[in-house]
Amino acid sequence: MLTLFFVLLMLVVVGEVLYMTIKLAWKVTKIVFAIILLPVVMIGLAAAGFMTLAIVILLIAGVLALFGSLVAGAR
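Just so you know, these numbers come straight off a predicted model, no measurement behind them. (Residues numbered from 1 in each chain as written. Predicted model: local features only at pLDDT ≥ 70, side-chain atom pairs only at ≥ 80, totals over all residues. Heavy atoms only, no water.)

Trainee: Honestly, the overall build of the protein chain in this entry has me stumped. Any pointers?
Mentor: Of regular secondary structure, the protein chain possesses two helices and zero strands. Relative to the 2.2 N^0.38 estimate, which gives 11 Å for 75 residues, the radius of gyration of the protein chain is 21 Å and therefore markedly larger than a compact globule would have. Judged by the C-alpha coordinates and their principal axes, the protein chain covers about 70 × 30 × 15 Å. Put simply, the protein chain has 75 residues, and 4% of those count as buried. Surface summary for the protein chain: the accessible area is close to 6,600 Å², and the carbon and sulfur share equals 84%. (Helix = DSSP H or I, 4+ residues; strand = E, 2+ residues; numbered from the N terminus. Rg over C-alpha atoms; globule rule 2.2 N^0.38 Å. Buried < 20%, exposed > 50% of the residue type's maximum accessible area, 1.4 Å probe, protein only. Areas by Shrake-Rupley, 256 points an atom, 1.4 Å probe, with all protein chains shown as cover.)

In structure tokens form, the structure reads like this:
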């Protein structure tokens, strides 16, 4: 009976750790995308002559960032 209790608690602990690692990986992915990938893509678009597309993407990202900060501030 004690072994069953131990196994159940270990499964709960492993599940919690797995949940936290997936959550952390998602946050790291968002940070890498926002800090590294998006500026590189924007510079590449501007260098390739797609300045209009780069400006549109930049405006969309700016509006999303503004709304995201407003929503986060309302909490």
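Trainee: Looking at this structure, how should I read helix H1 (residues 2-47)?
Mentor: At 3.6 residues per turn, the α-helix brings residues three or four places apart onto the same side. With 46 residues, H1 should cover 68 Å at 1.5 Å per step; its first-to-last C-alpha distance of 66 Å lies within 8% of that length. Where H1 bends most, at Phe33, the angle is about 40°. Of the residues trailing H1, Gly49 is marked for its positive phi of about 95°. (Expected span 1.5 Å × (residues − 1). Bend = angle between axes of the 7 residues up to and from the residue.)

Trainee: What should I look at first to understand a nonpolar patch on the surface in this one?
Mentor: On the surface, a nonpolar cluster with roughly 870 Å² of combined accessible area is contributed by Met1, Leu4, Phe6, Val7, Leu8, Met10, Leu11 and Val14. Met10 sits in the partly exposed class, given a relative accessible area of 40%. (Patch = residues over 30% accessible without salt bridge, like charges linked within 9 Å, V, L, I, M, F, W, Y side chains within 5 Å. Salt bridge = Lys/Arg side-chain N within 4 Å of Asp/Glu carboxyl O.)

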